[in-house]
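# Analysis of the macromolecular model
In case you want the letters, here they are:
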Amino acid sequence: MFKLKVPKKQRDKFRTQLRVGDSVEYEYVLTTDKDLIEDDKINIVFEEKDLEKVSRLLDLITKGEDLYITGYNEIGQKNIESRYIQYFTIEDDEVYAILSKVRFMVKLKLYELEELLDDKYFIRVSKYALVNINKIDYIKPALNSKLILLMKNGDEVEVNRHYYKAFKEVLNI
Amino acid sequence: MDGFLIFLEFMLNNVFQISVIFLSVFLMLYFFQKSYREIAMNRKLRTFQKRLRNMNIAKKKKRMAILSVMVIVPIVSVLAFFQLIRSPQITYEYHVSHLNDAEDITMIYESYHQKFTKNVSLRESSIQAFDAQRTVQFNAAVYSENDMPTVKYDTRYIYVLNSDRLVIVNPGNETYPIHKNIDEVFDGIGFFNPIELYIDQDYVVVVGNGYETLSVLPYNHPINTNNGDNISTYVFVFDKNDNFALSSKYVINGNLDAIHKNEHNLLVSVNHHIPFNDEALDVHHYLPTIDANGTIDETLISDIRYIEGTEPNSFTTLLNINIKNSSYDKEVLFGDYKNYIEITDQGFYLLAESYEFIEATEMFTVSEPVNMTRTAITKFNYTSDTLNYHSTKMVRGALVQNDSILIDEDGLRLVTTEKRTDSITHRLYVINHDMNTVSRITDIDTDGHNLSSVQFFNDYTYLIVDRLTDVVIVYNLTNIYNPIYEDTIDYDAFSHYVYAYDNEHILSIDLFDFEEDGLIDGIRIAMLDVSDITSPQEMYNETIIYKDFGLNFNEMLFDNNTIVLSQRHKMLIVPINSYNVLSRIEAMEGVLIFSIDNDEGLVLEGFISHTSQFTPYASYRAIIHNNFLYVISHDAISVSRIDSVEDIMYQFSLINKND
């Protein structure tokens, strides 16, 4: 998505702070030298002192505005930033948002969440689960043509055969 | 292409094993593909997450390591498997290995034995080959007038070698015909089987086997080979210039295989069987040992060679003895070469079947495994004082029979047969003395039939197809670089043995079943006119039915050296020395003398016998010298004119009066 064009000695530092890696296909050029801009790309020319601002800008580009989901538990209710949610699942006809260590009941339907979080890189993997791609730790093919997603909190979520193709297309597998 | 056909044949014969192999390969490929897909899929996931600036990505090193192992292990296993089965523990260099110690010997034997006993088809073909040898022994060369192995003459004496003495006869002295009777050198030998007698200007050389005991009589001959460890080969050299005094003596443990004399060099091949079925076997006890005039020379294992795939059941010792200098040089092979050893002026040639086992058969006990038979041709060069290994050449297939090879000054010509489950391939090779293939024919068409015999005459090679089909295929080898198919002729008297009487005539000798009861009970001798090689004509024939003499056995069946064929005197002399193997009562003993007449054919001129007494282990021999026929038996020599053979002029005993 991003191409970082900075002097060699600054590259590692900038890459760490901006959390970008090199990719062959990119739409944005990030550079400190305006002579290095590319005509057919979106160019962001910045100075070193503005790194923090640029990082926030990149967050906006990649993740859009922060989106909060209201969750409930026995203590009360809490607004949860969507990027912290591992996945949503349905248990006993109730929708739950699963985080690293805790879970909240959500009063939205799963298809409503799917529409809401479409540009947040959540993907439907079964009739009962909506998964945050950024929280997938590992994909393990199962013997029955299904996929098992190992989430970063250690849970396993199955990609149903019906959603298998769509999942592969999103990841370009 | 051959490799593919062998693999195909193995597949068809071993469906279960092939199924297991295919299933293994399928599973291996499945897991390979699955592992590869998993790695690729997660790599894409990481790329995707990086695009979203998610830098907190675990590398999953452990899982990757497991997957890598899953991918690599099957590949490495397959490679290791093929490497393992392709790498024999004994390493061969151009089919030849040098042994290191006694362990190598037992390991080679056990490996070979294990494969051979597993291999039913190989065992059966071996038995067939053995049966064939029993019937084709008759094809040994016919000896001419002074080539009888144990009876020779020179300008003064007739030399008669018997089992217990060498008698030197002066035929010109009717009063005291025995010039010298040498028997003391045979003292201490349990039983001496005389095999060869050489006479030259300076020396008389006696060669034979000595047996410590004769407790077991072989089934087909009273003095046939016995591969126990109680056999030794004896070479005695007598000096003619010192009134036949013993000048040197060599004793080699083992059975004499082949012998050849070239001026003052005596070339000897000795086979010493190793009883591997003896649980207390100590290989060192069976190492070739030479007692040369009292000096003991024991062979070192490191000096022994083994030719890949040959039957490892014995040691074959080759000796080049310089008679004049009383010195020798030797080489030793681990293997059985007694089926074919040819010693010529160009060198020692040892031929043996070499079985190449398809490696996969080592993994399974299969009912009909695939194997390949090759003929290993090993050559040793010699000079007056040295003997050196030259090379080993492998050709496809096994010799059709012992006689399907000719070695002359141009090189070697041989015909081999290779049998597969449903096919048979015959090949004709022309090889020069440097052991390079000059030419070969691989498309000999026998319509799927066996070859029963191969004969080489002049520039022609006659391939005699199984006698039931009565077909002879002729190749012209005038240009050895370009053998030409000449013709296929149809004649039924070629089988078994043919001998070139002259350029236009062939003497054909056939084993015959006169009573048509499935048992060979006689011999049919025919003269063929082959002036037109494409159309041989039988001129005449003569039959000898053993049973006319009350026989069911005849020495000629296994020892063709007994026949004398004289072109000069136009005579054929056939010894009859037979007995009933069950009763051991001699029924007929003597020689049949035929004259060869182009008009009348073979005419029986007479039958000469010295006694009807049963004399085991003795044979009648005959020589023609100065228009006299000398008939030699164990005890006597009779002399008659060749124009009236039955009129014995005089007869004298070979037994010393002092005995």
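Residues numbered from 1 in each chain as written. Chains lettered and ligands numbered in written order. Predicted model: local features only at pLDDT ≥ 70, side-chain atom pairs only at ≥ 80, totals over all residues.

Regarding its fold elements, chain A presents 4 helices and 13 strands. Within chain A, the proportion of its 173 residues that are buried is 21%. Long-range pairs, those at least 24 residues apart, make up 40% of the contacts in chain A with a sequence separation of at least 6. (Helix = DSSP H or I, 4+ residues; strand = E, 2+ residues; numbered from the N terminus. Buried ≥ 20, exposed ≤ 12 C-beta atoms within 10 Å, placed from the backbone. Contact = placed C-beta atoms within 7 Å.)

What follows concerns the interface of chain A and chain B. By a frequent convention, interface size equals the accessible area lost on bringing the separate parts together. With 19 residues of chain A at the interface, the matching set in chain B holds 18 residues. Every element with two or more residues in the side of chain A that touches chain B is listed here: α2 (51-63) and β11 (136-141) of chain A. With 6 residues, β11 of chain A is the largest single contributor of residues to the side of chain A that touches chain B. Taken together, the residues of the side of chain A that touches chain B break down into 11 nonpolar, 5 polar and 3 charged. (Nonpolar A, V, L, I, M, F, W, Y, C, P; charged D, E, K, R; others polar.)

Moving on, we come to the confidence of the model for chain B. Residue and element names in this part refer to chain B. Overall, the predicted model of chain B reaches an average pLDDT of 75, with 72% of residues at or above 70. Here helix α5 (residues 120-136) stands out as the element of chain B with the lowest mean pLDDT, 38, in contrast to strand β16 (residues 327-334), whose mean of 93 is the highest. Of the regions scoring below 50 in pLDDT, residues 120-147 engages in 45 contacts with residues more than four places distant in sequence or in other chains. (pLDDT = per-residue confidence, 0-100.)

On to the sheet that holds strand β4 (residues 166-169) of chain B, then. Residue and element names in this part refer to chain B. The 4 strands lie next to each other as β2-β3-β4-β5, forming an open sheet whose pairing is antiparallel. Here the strands that pair on one side only, and so sit at the sheet edges, are β2 (151-153) and β5 (178-182). Neighbour-to-neighbour, the strand axes of this sheet turn through a mean angle of 15°, independent of strand direction. The pairing of strand β3 (residues 158-161) with β4 spans 4 bridges and is antiparallel. Its bridge partner lying in β4, Y159 is registered against I168. (Pairing = 2+ DSSP bridges. Axes fitted to C-alpha atoms, helices over the stretch in contact; angles between N-to-C directions.)

It is worth spelling out the pairing of strand β39 (residues 628-632) of chain B at this point. Residue and element names in this part refer to chain B. For β39, the buried fraction is high: 4 of the 5 residues fall into the buried class. Bridge count for strand β38 (residues 621-625) against β39 is 5 bridges, and the pairing is antiparallel. From the neighbouring strand, I623 faces β39, where its bridge partner is Y630. Taken together, β38 and the strand that follows it, β39, pair antiparallel across an intervening segment of 2 residues, in which N626 is found at a positive phi of about 50°. Between β39 and the antiparallel strand that follows it, strand β40 (residues 636-641), lie 3 residues.

A word on the environment of L318 of chain B. All names here are of chain B. Take L318: it is sitting in strand β15 (residues 314-322). L318 sits in the buried class, given 26 other C-beta atoms within 10 Å. As a C-alpha pair, L318 and E331 span 13 residues in sequence and 5.2 Å in three-dimensional space. Once you skip the residues sitting within four places of it in the chain, L318 turns out to touch S269, K330, E331, F348, F380 and L387.

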